[in-house]
Amino acid sequence: MVLWEIAKLNQLGRIDLGLAHPVVAETLQRIHIWPVDARVAHALLRLDFRSDPADELIAATSIAHNVPLVTRDTKLLASSVVPFALMP
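Residues numbered from 1 in each chain as written. Predicted model: local features only at pLDDT ≥ 70, side-chain atom pairs only at ≥ 80, totals over all residues. Heavy atoms only, no water.

Digging into the side chain of E5
At step 1: Inspection of the secondary structure puts E5 in helix α1 (residues 2-11).
At step 2: No salt bridge is formed by the buried E5. Its closest oppositely charged neighbour is R14, at 6.6 Å. (Helix = DSSP H or I, 4+ residues; strand = E, 2+ residues; numbered from the N terminus. Buried < 20%, exposed > 50% of the residue type's maximum accessible area, 1.4 Å probe, protein only. Lys, Arg positive; Asp, Glu negative; His and termini not counted. Salt bridge = Lys/Arg side-chain N within 4 Å of Asp/Glu carboxyl O.)

Now the structure itself:
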């Protein structure tokens, strides 16, 4: 879902870097991408907020795999169940 969201936000002009940008492409080579599976679907039931489906799937993936999420989205940041990366 994150890859789709990056592509879509770039297409809409909301972010400057798209999937083809060399820095983004290099970074994607070094990270693990989890599929949307039953574990993520079950984590959707634990969410304590409502947002667009892409953001909910991203947050649920973060919960399912206990991986800190990096976001500026205030709806997500208000969650008490999503693990967040500490930002400076």
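The structure having been displayed, the exposition proceeds.
Notes on the side chain of S79
At step 1: Following the sequence through the fold, S79 ends up in the segment after α5 (74-77).
At step 2: A polar contact of 3.2 Å, which involves the side chain of S79, links it to the backbone nitrogen of V82.
At step 3: Setting aside its immediate chain neighbours within four residues, S79 contacts D48, F49 and F84. (Polar contact = N/O pair within 3.5 Å; in protein donor to acceptor, adjacent residues only side chain to side chain. Contact = heavy atoms within 4.5 Å.)

Notes on a nonpolar patch on the surface
At step 1: Taken together, L3, L19, I31 and I33 make up a surface patch of nonpolar side chains, about 310 Å² in accessible area.
At step 2: Looking at the secondary structure, you find L19 in the loop between α1 and α2 (22-30).
At step 3: Judged by relative accessible area, L19 falls into the partly exposed class, the value being 32%. (Patch = residues over 30% accessible without salt bridge, like charges linked within 9 Å, V, L, I, M, F, W, Y side chains within 5 Å. Areas by Shrake-Rupley, 256 points an atom, 1.4 Å probe, with all protein chains shown as cover.)

Digging into the nonpolar core
At step 1: The biggest cluster of nonpolar side chains holds 13 residues, and the ones touching the most others in it are L47, F49, A59 and V82.
At step 2: Among the secondary structure elements, those contributing two or more residues to this core are α3 (38-44) and α4 (53-65).
At step 3: Among the elements that line this core, the one with the most residues is α4, at six residues.
At step 4: When neighbours within four sequence positions are excluded, V82 is seen to be in contact with L47, F49, A59, S62, I63 and L69. (Core = buried A, V, L, I, M, F, W, Y, C linked by side-chain atoms within 4.5 Å.)

Focus on the pattern of salt bridges
At step 1: What the rule picks out here adds up to one salt bridge.
At step 2: Between R30 and E26 there is a salt bridge, and its shortest N-O distance comes to 3.2 Å. Within this pair, R30 and its partner E26 are both found in helix α2, separated by four residues, close to a single helical turn.
At step 3: In this structure R30 comes out as exposed when scored by relative accessible area, which is 59%.

Topic: the environment of M1
At step 1: Its location among the elements puts M1 in the segment before α1.
At step 2: According to the relative accessible area criterion, M1 is partly exposed, its value standing at 38%.
At step 3: For M1 and P53, which are 52 residues apart along the polypeptide, the C-alpha to C-alpha distance reads 9.5 Å.
At step 4: Every residue in contact with M1, bar those within four places of it in the chain, is listed here: V36, A54, L57 and I58.

Purely geometric stuff here, so don't read any function into it on its own.
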